[in-house]
Amino acid sequence: MQMDPWSTRTIDYEKLFTDFGIDRIGKLDEILSGNPLFRRGIIFGHRDFYQWWNDFRNGKKVSILTGMMPSGPFHLGHKMVVDQLVFYQNLGIPITLAIADVEARTVRKKTPDEIREITVNYLTNYFALGLDPKKTDVYMQTSRSVPYYRLASLMAGKVTFAEMEAIYGTLSPGKIASALIQAADILHKQLDGYEGKHRILVPVGPDQDPHIRLARDLAERIGLIKPSSTYHIFMKGLDGQKMSSSKPNSYISLDEPIEDALRKVKNALTGGRISLEEQKKLGGEPDKCMIFSLYLYHFELSDEELDNRRRMCESGKLICGDCKKELLDRIEKWLVDIHAKKVKYRPIAEKMVDEMMDYPF
Ligand code: SF4
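Definitions and cut-offs
- Residues numbered from 1 in each chain as written.
- Predicted model: local features only at pLDDT ≥ 70, side-chain atom pairs only at ≥ 80, totals over all residues.
- Heavy atoms only, no water.
- Near = heavy atom within 4 Å.
- Nonpolar A, V, L, I, M, F, W, Y, C, P; charged D, E, K, R; others polar.
- Core = buried A, V, L, I, M, F, W, Y, C linked by side-chain atoms within 4.5 Å.
- Buried < 20%, exposed > 50% of the residue type's maximum accessible area, 1.4 Å probe, protein only.
- Helix = DSSP H or I, 4+ residues; strand = E, 2+ residues; numbered from the N terminus.
- Contact = heavy atoms within 4.5 Å.
- Pairing = 2+ DSSP bridges.
- Right-handed = clockwise from strand over helix to strand, strands pointing away.
- Axes fitted to C-alpha atoms, helices over the stretch in contact; angles between N-to-C directions.
- Parallel < 35°, antiparallel > 145°, perpendicular 65-115°, else oblique.
- Left-handed = near helix turned anticlockwise from the far one by under 90°.
- Domains from an automatic or database assignment.
- Buried area = accessible area lost by both parts, 1.4 Å probe.
- Salt bridge = Lys/Arg side-chain N within 4 Å of Asp/Glu carboxyl O.
- Polar contact = N/O pair within 3.5 Å; in protein donor to acceptor, adjacent residues only side chain to side chain.

A. Molecular detail of the site of the ligand. Around the ligand lies a shell formed by Gly271, Gly272, Gln279, Cys289, Ile291, Phe292, Cys313, Leu318, Cys320 and Cys323. Across the shell around the ligand, the residue classes tally to 7 nonpolar, 3 polar and no charged.

B. Layout of the nonpolar core. With 77 residues, the main nonpolar core has Phe49, Trp52, Tyr88, Leu123, Tyr126, Leu294 and Ile331 as its most contacted residues. Counting residues per element, this core draws most heavily on helix 15 (residues 320-356), which supplies 12 residues. When residues no more than four places from it in sequence are discounted, the contact partners of tyrosine 126 are Gly67, Met68, Phe74, Val82, Leu85, Leu97 and Leu131. If you look at the next biggest cluster of nonpolar residues, it comprises 37 residues, including Val102, Met155, Val204 and Ala219.

C. Broad picture of the pairing of strand 3 (residues 62-68). With 6 of 7 residues buried, strand 3 is to be regarded as a mostly interior element. Note: strand 3 against strand 6 (residues 199-204), 3 bridges, orientation parallel. The residue bridging valine 62 from the neighbouring strand is arginine 199, located in strand 6. Sheet topology places strand 3 next to strand 4 (residues 95-99); 5 bridges connect them, and they run parallel. Each bridged residue has a counterpart across the sheet, and for threonine 66 the counterpart in strand 4 is leucine 97. In this fold, the crossover linking strand 3 to strand 4 by way of helix 4 (residues 76-90) has right-handed handedness.

D. Up close: the packing of helix 13 (residues 290-299) against helix 14 (residues 303-314). Running from N to C, helix 13 and helix 14 point in directions that differ by 170°, and their axes come no closer than 10 Å. By the angle class used here, helix 13 and helix 14 are roughly antiparallel. Relative to helix 14, the crossing made by helix 13 is left-handed. Between helix 13 and helix 14, the residues in contact are Phe292, Tyr295 and Leu296 and Leu306, Arg309 and Arg310, respectively. Of the residues that constitute the contact of helix 13 with helix 14, the class distribution is 4 nonpolar, no polar and 2 charged.

E. Structural context of the environment of glycine 67. Tracing the backbone shows glycine 67 in strand 3. The sequence separation of glycine 67 and valine 204 amounts to 137 residues, and the corresponding C-alpha distance is 8.6 Å. Setting aside its immediate chain neighbours within four residues, glycine 67 contacts Leu97, Ala98 and Tyr126.

F. Structural view of the packing of helix 4 against helix 13. As a packed pair, helix 4 and helix 13 sit with axes 11 Å apart at the nearest point and diverge in direction by 30°. In terms of their interaxial angle, helix 4 and helix 13 are classed as roughly parallel. Contact residues: helix 4 offers Leu76, Lys79, Met80 and Asp83, while helix 13 offers Leu294, Tyr297, His298 and Phe299. Here the contact of helix 4 with helix 13 is composed, by residue class, of 5 nonpolar, 1 polar and 2 charged.

G. Spatial organisation of helix 13. In terms of burial, helix 13 is a largely internal element, 9 of the 10 residues being buried. Listed as buried for helix 13 are Met290, Ile291, Phe292, Ser293, Leu294, Tyr295, Tyr297, His298 and Phe299. Buried residues along helix 13 sit against helix 4, helix 11 (258-266), helix 14 and helix 15.

H. Inspection of the domain arrangement of the protein chain at higher detail. When cut into domains, the protein chain gives domain 1 (13-234) and domain 2 (248-341). Once you take the C-alpha centre of each, domain 1 and domain 2 turn out to be 31 Å apart. For the pair domain 1 and domain 2, the two sides together bury roughly 1600 Å², of which 59% comes from carbon and sulfur. Here domain 1 is connected to domain 2 by 2 salt bridges. One salt bridge in this structure joins aspartate 303 and arginine 39, with 2.7 Å as the shortest N-O distance. Between the two partners, domain 1 and domain 2, sit 13 residue pairs in polar contact (both at pLDDT 80 or more). Elements with a minimum of two residues in the side of domain 1 that touches domain 2: helix 2 (36-39), helix 4 and helix 6 (112-128).

I. Main features of unusual backbone geometry. Positive phi outside glycine occurs at aspartate 48, with the angle close to 55°. Following the sequence through the fold, aspartate 48 ends up in the loop between strand 2 (43-47) and helix 3 (49-57).

J. Representation of the side chain of serine 250 within the structure. Positionally, serine 250 belongs in the loop between strand 7 (228-232) and helix 11. A residue is classified by how much of its surface remains accessible, and serine 250, at 1% relative accessible area, is buried. Within the local environment of serine 250, its side chain forms a polar contact with the backbone oxygen of lysine 247, the two atoms lying 2.7 Å apart. When residues no more than four places from it in sequence are discounted, the contact partners of serine 250 are Gly237, Leu238, Asp239, Lys242, Met243 and Ser244.

K. Geometry of the sheet that holds strand 5 (residues 136-140). Read from one edge to the other, the open sheet built from 7 strands follows the order 1-2-7-6-3-4-5, with strand pairing classed as mixed. A single partner strand is all that each edge strand has here, and the edge strands are strand 1 (23-24) and strand 5. Taken together, the 4 bridges between strand 2 and strand 7 define a ladder with antiparallel strand orientation. Looking across to strand 7, one finds that isoleucine 43 is bridged to histidine 232. Packed onto the sheet, helix 6 meets strand 3, strand 4 and strand 5 and runs at close to 135° relative to strand 3.

As structure tokens, then:
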């Protein structure tokens, strides 16, 4: 399996453990088991997560670093990262949010106007989903600080081209610049001018693991603590295939008109049988059902209710039409609330971005 953070690919989750050295999430204490993402195995793997968590539980300084790539529409797949950030922020853990505009410009070829609009929109969504703008250290990679750029530049001397190729596959100048600056994102908070040495957690999707591996190698070589990471499962698209920004019918966006989002849910793949009679006889297949996935990942927080839905589905007592209708009601209510919050937070996000953006060309 080729792992690089820039191409689309199918993730073989088992290989992450056997070939890439990611560990399985193990025992959950009372705080972690209160979070459905951990409890349901959606956050499934980690590197040194428990060292980071133990430091937090023992009152030591810890923090979170997360990155945001301004490209494409904001959809439910992105929400999974924000849900994690909100969980940690509510525990009082400092959050730093890096906007990966170097990669957006050099690798994804976005224009400054596109980057401004997408970043404003992403930040607006992050805040509408519960991240507190006052408690989040947000920065763009092109407008951070001298020590941060010094770190990114000098780390180029601590890794060889062959090592980077082994981690990332085919490279270009833009990819090298972007990878080193992402390593600086992950590590710079340990510099003396920032928080000093401490454990940092980076919650990511598994496709971002190459950045974690590079940052961990570099941390060791420059005397910093290796960053920790967790990995969450990618939710499938509404059609049962990979969720992709290039296939608008595969995702629910928080930016699209509510009626469009609801229409997509109505057309989503279910695990229902070809006839009502057969469904009553054989029961449905929730593990093949995107409606069930939406409940599982986002719209049913009670495990008891979720188990009950599974039982009712498998026994044929629950009909897909009713099951969908209930979900549509929940999604509609939720989107109305999110859209109202976005109106409130957009000016805050615009001000933040306009203060940060300053491109020489
Ligand atoms: S009853 Fe609900 S969970 Fe079961 S297959 Fe139909 S839509 Fe999916």
